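Next come the chains, spelled out residue by residue.
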Amino acid sequence: MGPERAREAGRVIDARGAVLAPGLVDLHVHLREPGGEAKETIATGTAAAAAGGFTSVACMPNTRPPVDSPAAVEWVKARAATSARCRVHPLAAVTVGQQGERLTEFASLERAGAVALSDDGRPIMSAAVMRRALEYARHTRLPIVCHEEDLTLRGDGCMNEGPTATRLGLAGIPAAAETVMVQRDCELAELTGGRVHFAHLSCAGALDALRNGKRRGLRVSGESCPHYWTLTDEAVARHGADAKMNPPLRSARDREAVIEAIADGTLDCLTTDHAPHGAEEKLQTMDRAAFGIVGLETALALTLTFLVEPGHLTRASVRCPGSTRKVSLEPGDPADLVLFDPDARWTVDPARFRSRGRSTPFAGWSVSGRVLLTVCGGEITHLEPGVRVADAPGEAVAAER
Ligand SMILES: [Zn+2]
């Protein structure tokens, strides 16, 4: 963990007007290490997480090489132990090399510390492979996290199929590419009794399929991300590749459906799908640029500004991403906490991100909700500049913010 270890009891921070909450949990980040260190490392990605108020992240296995063996899971955990600024929980691949064919050794991966299985970045196109994976995973406690996208429907698409794509002359990806896979995997969850978690849901059809699956009593859950409740595909016209992610931004109706599914509990958690890339991968034409934007340092503010402020969620019900860990505030207990000022307005400036990734459609946006302090395992992992911690017990120094 970080160097600013809070050894002394009796450190004091003036938290008037701020909210003390359980440290945020993000079930879907890409830390890029090993193999993608130019885009992000475990150190830089978790520094971004700490700055965003997160104390735990689950990292996706689509690194180079992919995390598809117990040794690779152990490598990520060991690397995190020496360089991370939050807890890091690795996912492991469902199939060897994430090729969608041969299953990995689920039980060994679980023993090595994998918290879930995913070929994220790619769908498991073979229904037979997905069926076997769900059957095999029942011998473990690991859910299968699905990136749902029918590649034959996606084709060469680089944004949502619709009027904006037509106007921009770009190849579209229909929402049905996501919906048909969610429907398929609901059927396979029923067939196998397996547990499926749907990653980054973006469209009304997929959310209806999840809602239906839950009504049928299937072991299914889902997540969505800030860009899907704040933006539509029209953002591509303004932001180009900074609004290119997979699944793509959808229509206004889909955006409303995401908000509704968060409010009615169809979606179980909010995640970022933090997916950093280098400038060279993003400073490209829309059809050539990489899919993915960063999200860890804007997630809390985008949740407060666009879900809580308009009344879609009450602050008490914010499951911003996760935060289910039990928090104890007894003296001496390790604590995972975030202190934030829900009313502080700030302007998103990617140049100030701790992440190596800079691509975001939210640059220049004025948002509410600033993280003041993050504490992970009782250690300060982020202290916002201008917030002061007093050393002497009983002599609070007013926070300047
Ligand atoms: Zn994905």
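Owing to the predicted nature of the structure, the values given are computational and were not obtained by experimental measurement.

Q: Tell me about the sheet that holds strand S2 (residues 24-29), and name the residues and values.
A: Ordered in space as S2-S3-S4, the three strands form an open sheet in which the pairing is parallel. Each having just a single partner strand, S2 and strand S4 (87-90) make up the two edges of the open sheet. Between one strand axis and the next, the sheet turns by 20° as a mean value, whatever way the strands run. Looking at chain direction, strand S3 (residues 54-59) and S4 are connected through four bridges and run parallel.

Q: Tell me about the coordination of the zinc ion, and name the residues and values.
A: Expected angles at a metal are 109.5 degrees for tetrahedral coordination by four donors and either 90 or 180 degrees for octahedral coordination by six donors. For the zinc ion, the protein coordination sphere consists of Asp120 (OD), His147 (ND1) and His200 (NE2), at 2.0 to 2.3 Å. Counting residues between consecutive donors of the zinc ion along the chain gives the motif D-x26-H-x52-H. Taken as a pair, His147 in the loop between strand S6 (144-146) and helix H5 (151-154) and His200 in the loop between strand S9 (196-198) and helix H8 (204-215) lie far apart in primary sequence, 53 residues in all.

Q: Provide a residue-level description of helix H13 (residues 299-308), including the pertinent values.
A: The buried count for H13 comes to nine of 10 residues, which makes it a mostly enclosed element. Turning to H13, its buried residues number three or more, namely Ala299, Leu300, Ala301, Leu302, Thr303, Leu304, Thr305, Leu307 and Val308.

Q: Break down the confidence of the model for the protein chain for me, with residues and values.
A: Of all residues in the protein chain, 90% attain a pLDDT of 70 or more, and the chain-wide mean is 92. Between residues 1-8, whose pLDDT stays under 50, and residues either more than four places distant or in other chains, the model counts 16 contacts. A low-confidence stretch, residues 320-324 stays under pLDDT 50, and its non-local contacts, those more than four residues away or across chains, total 19 contacts.

Q: For the nonpolar core, give the residues involved together with the corresponding values.
A: With 88 residues, the main nonpolar core has Val88, Leu117, Ile144 and Phe198 as its most contacted residues. Considering each element in turn, this core owes the most residues, seven residues, to H13. Among all residues touching Ile144, those that are not within four sequence positions of it are Val94, Leu117, Met130, Ala133, Leu134, Ala137, Arg195, Val196 and His197. In terms of nonpolar packing, the next biggest core, distinct from the first, is built from eight residues, Ala335, Leu373, Ile380 and Val387 among them.

Q: Could you give an account of the pattern of salt bridges, naming the residues involved and the relevant values?
A: Tallying each qualifying case throughout the model produces 15 salt bridges. For Arg141, the salt bridge identified is with Glu110, shortest N-O distance 3.7 Å. Here Arg141, found in the loop between helix H4 (127-137) and S6, pairs with Glu110, found in helix H3 (residues 106-112); they are 31 residues apart in sequence, far enough to count as distant. In this structure, Glu297 and Arg354 form a salt bridge, with 3.9 Å as the shortest nitrogen-oxygen distance. Here the residue Glu297 occupies a position in the loop between helix H12 (279-282) and H13, and Arg354 occupies one in the loop between strand S12 (337-347) and strand S13 (366-376), the gap between them amounting to 57 residues. Judged by relative accessible area, which is 32%, Arg354 ranks as partly exposed. A single network of salt bridges, built from pairs that share partners, joins Glu187, Glu190 and Arg216.

Q: Lay out the packing of aromatic side chains in plain terms, naming residues and giving numbers.
A: This model, assessed by the stated rule, comprises three aromatic pairs. Measuring from centroid to centroid gives 4.5 Å for Phe106 and Tyr136, while their planes differ by 20°, and the two rings are stacked. With Phe106 in helix H3 and Tyr136 in helix H4, the pair connects residues that are 30 residues apart, well separated along the chain. By relative accessible area, Phe106 is classed as buried at 0%. Taking relative accessible area as the criterion, Tyr136 reaches 29% and is therefore assigned partly exposed. Judged by centre distance (4.9 Å) and plane angle (85°), the ring pair of Phe362 and Trp365 falls under edge-to-face. Here the aromatic residues Phe306, Phe362 and Trp365 are joined through ring pairs into a cluster of three or more. Over the aromatic face of Phe291 sits the side chain of Lys244, whose NZ or CZ is 4.5 Å from the ring centroid.

The rules behind each value
Residues numbered from 1 in each chain as written. Predicted model: local features only at pLDDT ≥ 70, side-chain atom pairs only at ≥ 80, totals over all residues. Heavy atoms only, no water. Pairing = 2+ DSSP bridges. Helix = DSSP H or I, 4+ residues; strand = E, 2+ residues; numbered from the N terminus. Axes fitted to C-alpha atoms, helices over the stretch in contact; angles between N-to-C directions. Donors = N, O, S within 2.8 Å, 3.2 Å for Na, K, Ca; no water. Buried < 20%, exposed > 50% of the residue type's maximum accessible area, 1.4 Å probe, protein only. pLDDT = per-residue confidence, 0-100. Contact = heavy atoms within 4.5 Å. Core = buried A, V, L, I, M, F, W, Y, C linked by side-chain atoms within 4.5 Å. Salt bridge = Lys/Arg side-chain N within 4 Å of Asp/Glu carboxyl O. Phe/Tyr/Trp six-rings, centres within 6.5 Å; stacked < 30°, edge-to-face > 60°. Lys NZ or Arg CZ within 6 Å of the ring centre and 35° of its normal.

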